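Here's the letter readout for the chains.
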Amino acid sequence: MPRYLEIRDLEVTYAPAEGGAPVQAVRAFNLEVGEGEFVSILGVSGCGKSTLLKAAGDIIGPSRGTIRIQGRSPGEVRRLGRIGFVFQEATLLPWMSIERNVAFLGQLAGRPLGPARIQGLLRLVGLEGFQAARPSELSGGMRQRAAIARALALEPYLLLMDEPFGALDEITRDRMSEELLKIWAASRVTVLFVTHSIPEAAFLSDRVVVMTPRPGTVQRIVEIALPRPRERALKLSDAFLDHVRTLHAELYRSMGA
């Protein structure tokens, strides 16, 4: 698969707090992602997963190494409005309708979305009919759907998702994973997805990057050889459970356990 996202020898070190020492969050991290690929980053809390996403999204700068998205720096791609973010909290503007929230980034970028585009996005994420609702009127899962629609509004080259379902209950989280795969199949956006859930990573991904504890680097990249499209029943199959066991073993091996 052609290289689309390239991360080379990435290191991120945070400046010390007063009287403290510098904190190296990520070191010697290397990864190539193909166009349209769904790659998950799996690791224990504090291993640098979110730091990696922030560097890929130009929220923080690398201390060393390079990141390229279609040959451009994250800063260049972000200035084009072509990086989408979805966080654990939906971060919707509470005084705006769902329709206006989805359209908001286009207005900021000077590329306003037409009504047909907005309705298409709401239909894609299963929120057709809720365009006039306020975020407070929606469930947690529906708010995250709106956040995904907003992130897709400007047709991003790269979609960065930082534990987007971490605050949801288990049943809603499972349903949202299924919905996300449908959305991804329709949009074919390239996704970098951070999680600490082994089954979630196995269900969603083409490949899973298992990170070591901080300073985080690549422990192993596991290919997920499961057929698509993926349905809920897959989670009961021996093939799926074999992948879960492999990821579980690698995660514990990274911790020396």
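Just above, that's the structure.
Scope of this entry: the structure provided in the associated data block. Fair warning: this is a prediction, and the values are worked out from it, not measured in the lab.

About the thresholds
- Residues numbered from 1 in each chain as written.
- Predicted model: local features only at pLDDT ≥ 70, side-chain atom pairs only at ≥ 80, totals over all residues.
- Heavy atoms only, no water.
- Helix = DSSP H or I, 4+ residues; strand = E, 2+ residues; numbered from the N terminus.
- Buried < 20%, exposed > 50% of the residue type's maximum accessible area, 1.4 Å probe, protein only.
- Pairing = 2+ DSSP bridges.
- Phe/Tyr/Trp six-rings, centres within 6.5 Å; stacked < 30°, edge-to-face > 60°.
- Axes fitted to C-alpha atoms, helices over the stretch in contact; angles between N-to-C directions.
- Parallel < 35°, antiparallel > 145°, perpendicular 65-115°, else oblique.
- Left-handed = near helix turned anticlockwise from the far one by under 90°.
- Contact = heavy atoms within 4.5 Å.
- Nonpolar A, V, L, I, M, F, W, Y, C, P; charged D, E, K, R; others polar.
- Core = buried A, V, L, I, M, F, W, Y, C linked by side-chain atoms within 4.5 Å.

1. Brief notes about the environment of histidine 248
Alright, step 1. As for its placement among the helices and strands, histidine 248 is situated in helix H8 (residues 238–254).
Alright, step 2. Along the chain, histidine 248 and serine 97 lie 151 residues apart, while their C-alpha atoms are 41 Å from each other.

2. Digging into the pairing of strand E5 (residues 83–86)
Alright, step 1. What you see with E5 is no split at all: Ile83 and Phe85 on one side and Gly84 and Val86 on the other are buried throughout.
Alright, step 2. With four bridges connecting them, E5 and strand E6 (residues 158–162) associate as parallel partners. Bridge pairing in E6 links isoleucine 83 to leucine 158.

3. What to know about the packing of aromatic side chains
For any two aromatic rings, the description comes down to two numbers: the centre-to-centre distance and the angle of the planes.
Alright, step 1. Considering all chains together, one arrives at four aromatic pairs under this definition.
Alright, step 2. A centroid spacing of 5.8 Å and a plane angle of 80° characterise the contact between phenylalanine 38 and tryptophan 184, whose relative ring orientation is edge-to-face. With phenylalanine 38 in strand E3 (residues 38–42) and tryptophan 184 in helix H6 (residues 170–187), this pair connects stretches of sequence that are 146 residues apart.
Alright, step 3. For phenylalanine 38, a relative accessible area of 0% translates into the label buried.
Alright, step 4. Residue tryptophan 184 is classed as buried on the basis of its relative accessible area of 3%.

4. Digging into the packing of helix H5 (residues 140–152) against H6
Alright, step 1. At a closest axis distance of 11 Å, the pairing of H5 and H6 adopts a crossing angle of 20°. Relative to H6, the element H5 lies roughly parallel. Crossing of H5 over H6 shows right-handed handedness. Where H5 abuts H6, its residues Gly141, Gln144, Arg145, Ile148 and Leu152 lie against Thr172, Met176, Glu179, Leu180, Ile183 and Ser187.
Alright, step 2. Broken down by class, the residue content of the contact of H5 with H6 amounts to five nonpolar, four polar and two charged.

5. Some words on the sheet that holds strand E1 (residues 3–14)
Alright, step 1. Here three strands make up an open sheet; going across it, the order is E2-E1-E4 and the pairing antiparallel. Looking at the sheet topology across the chains shown, the edges are occupied by strand E2 (23–34) and strand E4 (64–69). Strand-to-strand twist across the sheet, computed as the mean angle between neighbouring axes with direction ignored, equals 15°.
Alright, step 2. Looking at chain direction, E1 and E4 are connected through five bridges and run antiparallel. Looking across to E4, one finds that leucine 5 is bridged to isoleucine 69.
Alright, step 3. Across the sheet, helix H1 (residues 49–56) touches E1, E2 and E4, and the angle it forms with E1 is around 120°.

6. Notes on the nonpolar core
Alright, step 1. One finds Ile98, Ile148 and Leu247 to be the most contacted residues of the largest nonpolar core, which totals 52 residues.
Alright, step 2. The element that contributes the greatest number of residues to this core is H5, accounting for seven residues.
Alright, step 3. Excluding residues that lie within four positions of it along the chain, isoleucine 98 makes contacts with Leu92, Leu122, Leu127, Phe130, Gln131, Ala133, Arg134, Pro135, Leu138 and Ala146.
Alright, step 4. In this structure, Leu10, Leu53, Ile83 and Leu158 belong to the second largest nonpolar core, which totals 28 residues.

7. Some thoughts on the packing of helix H3 (residues 98–108) against H5
Alright, step 1. Packing of H3 against H5 brings their axes to within 7 Å, and their N-to-C directions diverge by 30°. Considered as vectors, H3 and H5 are oriented roughly parallel to each other. Between H3 and H5 lies a crossing whose hand is right-handed. Residues Ile98, Asn101, Val102 and Leu105 of H3 pack against Ala146, Ala149 and Arg150 of H5.
Alright, step 2. Partitioned by chemical class, the residues of the contact of H3 with H5 number five nonpolar, one polar and one charged.

Structural measurements only, silent on function.
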